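Here are the chains, one letter per residue:
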Amino acid sequence: MDFQDLVDSYEKASAVISVRKTEDGHYDEIRIVCVNDSYRQIMGGGFKDNILYSELIPKEPNFEDFCYRAAVLKQSLHSYVDTKSLDVWTDGVYLPLSSKLDKDNLCYFLFSFEFTKKSESERMSNVSMETASNVIQTCINLRGTDNFYESMNKVITDIQKITDSFCSCIIMIDSAQKKYAPLCSKFRDDNITINDFMPYLTPDVVLTWEATILKHDNIIIKDEFDMAELEKINPVWVKSLRDAGVKSLILAPLTKGNKLMGVLFVTNFNTDKIVEFKEYIELSAFFLTAEVASNELLERLEYMSNVDTLTGVKNRNSMNARVDWHVKKHYTVTVPYGIIFVDLNGLKQCNDAGGHEAGDELLINAANLLKRHFENYEIYRSGGDEFVIILPGCKKEELEEKVKKLRAETGYGSEVCLAIGYAWTQTEQELRKCMHIADEAMYADKKEFYRQHKELKQR
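Residues numbered from 1 in each chain as written. Predicted model: local features only at pLDDT ≥ 70, side-chain atom pairs only at ≥ 80, totals over all residues. Heavy atoms only, no water.

Turning to the overall build of the protein chain, a few remarks are in order. Helix and strand counts for the protein chain come out as 16 helices and 15 strands. With the principal axes as the frame, the protein chain shows a C-alpha extent of 100 × 45 × 40 Å. In the protein chain, buried positions account for 48% of the 459 residues. Across the protein chain, contacts joining residues at least 24 apart in sequence account for 62% of those joining residues at least 6 apart. Of the accessible surface of the protein chain, which amounts to about 22300 Å², a share of 49% is contributed by carbon and sulfur atoms. Taken together, the 56 basic and 72 acidic charged side chains of the protein chain have centroids lying 4 Å from each other. (Helix = DSSP H or I, 4+ residues; strand = E, 2+ residues; numbered from the N terminus. Buried < 20%, exposed > 50% of the residue type's maximum accessible area, 1.4 Å probe, protein only. Contact = heavy atoms within 4.5 Å. Areas by Shrake-Rupley, 256 points an atom, 1.4 Å probe, with all protein chains shown as cover. Lys, Arg positive; Asp, Glu negative; His and termini not counted. Charge placed at Lys NZ, Arg CZ, Asp CG, Glu CD.)

Right, here's the structure in full:
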């Protein structure tokens with residue numbers, strides 16, 4: 001067959017693409033064998049016959065997977081995806097060519113495509129009946145109740161069941177504030193919760209997702225081959241996935257404009273239905289993004305950006321929102337956890353001697369000290385000279401050691417002198433009780449400080 005005659009017979013931009021099959025059943029080189037004039041007009045110059053596709057456009061794992069399926073597995077495929085590297089949506093058709101044309105481990109397919117600047121509903125709805133039915137069910141559940149969180153929990157439960165995954169989850173991300181929070185999750189085993197996996201979802205993992213998916217419509221891992229490819233660009237994330245027992249993954253970004261709001265992902269699903277599930281997750285993420293944006297979720301996550309302007313730590317409103325989220329189980333503090341209350345000793349004397357500017361500087365120094373001691377934990381300025389630290393997933397010995405080091409640096413005569421109280425628990429329901437205990441202990445410590453130093457006047 002003359003491949004050039006074949007592509008020239010198509011009006012839409014078309015190319016014959018070859019995929020080299022490896023001995024282990026995967027692939028290596030993917031080349032654009034020949035193209036028609038429409039292809040050349042759309043893609044511009046730089047093309048030559050049999051060129052590596054990655055010499056024309058950035059490498060895209062999901063595109064490569066579809067190429068492999070069309071050329072080697074002889075699957076007819078269609079996709080309509082957000083091609084971030086080109087800033088367009090690509091409506092692509094993958095048509096396998098006869099295996100009689102394959103030779104020397106080279107397999108062929110015809111790729112035909114159109115670009116659209118924005119997503120178009122008609123193209124997006126061109127999906128299988130099964131996928132369409134599942135997406136419609138997702139949309140119904142999104143609108144099925146006035147309670148936003150109830151709706152989201154219904155949807156994430158549907159996604160887990162439809163994909164037969166170990167876990168389905170939505171995590172909201174505020175990259176600017178370097179904060180993130182699970183919104184909802186569902187596990188195959190009802191005895192497991194997202195809190196069991198938060199030790200694997202550390203900041204150095206979650207906050208790398210945006211850069212990793214920046215030029216991809218989503219991230220898909222179906223086997224160890226895909227895991228190894230992801231490891232080349234994000235080894236920290238892959239280590240976390242392996243440690244958590246993740247073998248397969250679909251992760252789709254929730255974006256509004258160019259801003260990443262969060263991600264939807266499923267893990268350890270039935271990889272035999274990867275194409276259908278990819279399509280379903282992508283469409284679900286599209287509608288979930290709209291729902292999240294319309295409900296102004298970022299305001300519901302106000303504590304993420306509700307910062308005390310003087311010290312740069314979270315303020316009291318943020319702390320109250322955090323406690324409410326825990327009590328309502330929207331975002332619980334990972335057990336075991338510790339609570340530390342601290343209060344500045346001598347702020348009144350500082351204000352009296354140097355004015356409020358000196359007092360403000362002392363508060364800033366205190367906040368900076370706490371940031372240094374508790375860099376990866378939640379720090380709040382809960383009152384005028386009072387701070388609260390929440391330490392999720394903190395062992396008792398670790399908490400006690402941290403308090404010991406803090407006391408050693410903030411005793412009488414130190415630049416920042418603190419009264420300190422703390423509490424620790426292994427029980428999720430005891431957050432408010434722990435805060436009360438830590439608060440009482442802090443005031444007892446403060447009372448003892450002024451008893452020993454009567455020359456100082458307590459405010």
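Next comes the rest of the account.
One finds Met152, Ile159, Ile170, Leu264 and Leu288 to be the most contacted residues of the largest nonpolar core, which totals 34 residues. Elements supplying a minimum of two residues to this core: helix H5 (129-142), helix H6 (148-163), strand E7 (167-174), strand E8 (179-187), strand E10 (249-256), strand E11 (259-267) and helix H11 (274-294). Top contributing element to this core by residue count: H11, with 8 residues. Apart from residues lying up to four places away in sequence, Met152 is in contact with Leu142, Ile170, Leu183, Cys184, Leu288 and Val292. In this structure, Ile173, Met198, Ile213 and Phe265 belong to the second largest nonpolar core, which totals 27 residues. (Core = buried A, V, L, I, M, F, W, Y, C linked by side-chain atoms within 4.5 Å.)

Glancing now at unusual backbone geometry. Following Val335, the chain continues to Pro336 via a peptide bond in cis, the omega torsion being -10°. Relative to the elements of secondary structure, Pro336 occurs in the loop between helix H13 (316-327) and strand E12 (337-344). We note that Asn50 has phi near 65°; this positive angle belongs to a residue other than glycine. Inspection of the secondary structure puts Asn50 in the loop between helix H2 (37-43) and strand E3 (51-52).

A volume near 1200 Å³ is recorded for the largest pocket. Every residue lining the largest pocket is counted, 43 residues in all, and those nearest its centre are Val81, Asp82, Lys84, Trp89 and Thr255. Looking at the lining of the largest pocket element by element, the count peaks at 11 residues for H11. Of the residues assigned to the lining of the largest pocket, the class counts are 19 nonpolar, 10 polar and 14 charged. In this model, the second largest pocket occupies a volume close to 1000 Å³. Residue lining of the second largest pocket: 30 residues in total, with Lys179, Pro203, Asn376, Tyr377 and Glu378 positioned closest to the centre. At the level of elements, E8 and strand E13 (378-381) are the ones that each hand at least two residues to the lining of the second largest pocket. Broken down by element, the lining of the second largest pocket gets its largest block of residues, 3 residues, from E13. (1 Å grid on protein atoms, 1.4 Å probe; cavity = no way out; pocket = protein on both sides within 12 Å on 5 of 7 lines; lining within 4 Å. Points joined across faces, edges and corners; volume = space filled by probe spheres on them. Nonpolar A, V, L, I, M, F, W, Y, C, P; charged D, E, K, R; others polar.)

Taken together, 6 strands build an open sheet; the order of strands is E3-E2-E1-E6-E5-E4 and the sheet is antiparallel. Each edge of the open sheet carries a strand with a single partner, namely E3 and strand E4 (77-83). As judged from the 8 bridges shared by strand E5 (residues 88-96) and strand E6 (residues 106-116), these two strands associate in the antiparallel manner. What sits directly across from Pro96, in E6, is Phe109. Contacting strand E1 (13-21), strand E2 (27-35), E4, E5 and E6, helix H3 (residues 61-71) crosses the sheet at an angle of about 130° to E6. (Pairing = 2+ DSSP bridges. Axes fitted to C-alpha atoms, helices over the stretch in contact; angles between N-to-C directions.)

This paragraph deals with the environment of Thr163. As for its placement among the helices and strands, Thr163 is situated in helix H6. For the pair formed by Thr163 and Thr309, sequence separation is 146 residues and the distance between their alpha carbons is 45 Å. Leaving out residues up to four positions away in the same chain, Thr163 has contacts with Val266, Phe269, Asn270, Phe277, Tyr280 and Ile281. Within the structure, Thr163 has its side chain in polar contact with the side chain of Ser165 (distance 3.0 Å). (Polar contact = N/O pair within 3.5 Å; in protein donor to acceptor, adjacent residues only side chain to side chain.)

Of all the 8 residues making up E7, 8 are buried; the element is thus mostly covered by neighbouring parts of the structure. The two faces of E7 match: Cys167, Cys169, Ile171 and Ile173 on one face and Ser168, Ile170, Met172 and Asp174 on the other face are all buried. Relative to E11, E7 runs antiparallel, the two sharing 6 bridges. Within the sheet, the bridge partner assigned to Ile171 lies in E11 and is Val263. The pairing of E7 with E8 spans 8 bridges and is classified as antiparallel. Each bridged residue has a counterpart across the sheet, and for Cys169 the counterpart in E8 is Ser185. Counted along the chain from E7 to the antiparallel partner E8, the turn is 4 residues long, and its residue Lys178 has a positive phi close to 55°.

With that settled, consider the side chain of Ser165. Along the polypeptide, Ser165 turns up in the loop between H6 and E7. Under the relative-accessibility criterion, Ser165 is labelled buried at 0%. A distance of 3.4 Å separates the side chain of Ser165 from the backbone oxygen of Cys167, its partner in a polar contact. In contact with Ser165, not counting residues within four places along its chain, are Ile159, Gln160, Arg188, Val266, Thr267, Asn268 and Phe269.

Quick look at the packing of aromatic side chains now. As enumerated under the stated definition, the model contains 24 aromatic pairs in all. Judged by centre distance (5.0 Å) and plane angle (45°), the rings of Phe113 and Phe115 are tilted. In this structure Phe115 comes out as partly exposed when scored by relative accessible area, which is 29%. (Phe/Tyr/Trp six-rings, centres within 6.5 Å; stacked < 30°, edge-to-face > 60°.)

What follows deals with helix H14 (residues 347-373). When the terminal C-alpha atoms of H14 are compared, their 21 Å separation across 27 residues is substantially less than the 39 Å that a helix rising 1.5 Å per residue should span. The axis of H14 is deflected most strongly, by about 135°, at Gly354. Within H14, the full set of buried residues consists of Leu347, Gly359, Leu362, Leu363, Ala366, Ala367, Leu369, Leu370 and His373. (Expected span 1.5 Å × (residues − 1). Bend = angle between axes of the 7 residues up to and from the residue.)

Here we take up empty space enclosed by the protein. Empty space among the atoms becomes visible once a probe the size of a water molecule is rolled across them. According to the stated counting rule, one finds 5 cavities of 30 Å³ or more in the structure shown. Quantified by volume, the largest cavity comes out at close to 420 Å³. Around the largest cavity sit 28 residues that line it, and Ile57, Phe63, Thr83, Thr90 and Phe111 are the ones nearest its centre. Of all the elements in the fold, those that place two or more residues in the lining of the largest cavity are H2, H3, E4, E5 and E6. For the lining of the largest cavity, the leading source of residues is E4, giving 4 residues. Classifying every residue of the lining of the largest cavity by side-chain character gives 16 nonpolar, 6 polar and 6 charged. Roughly 230 Å³ of volume is contained in the second largest cavity. Taken together, 20 residues make up the lining of the second largest cavity; nearest its centre are Leu201, Leu241, Val246, Phe265 and Thr267.

What is shown is where atoms sit, not what they do.
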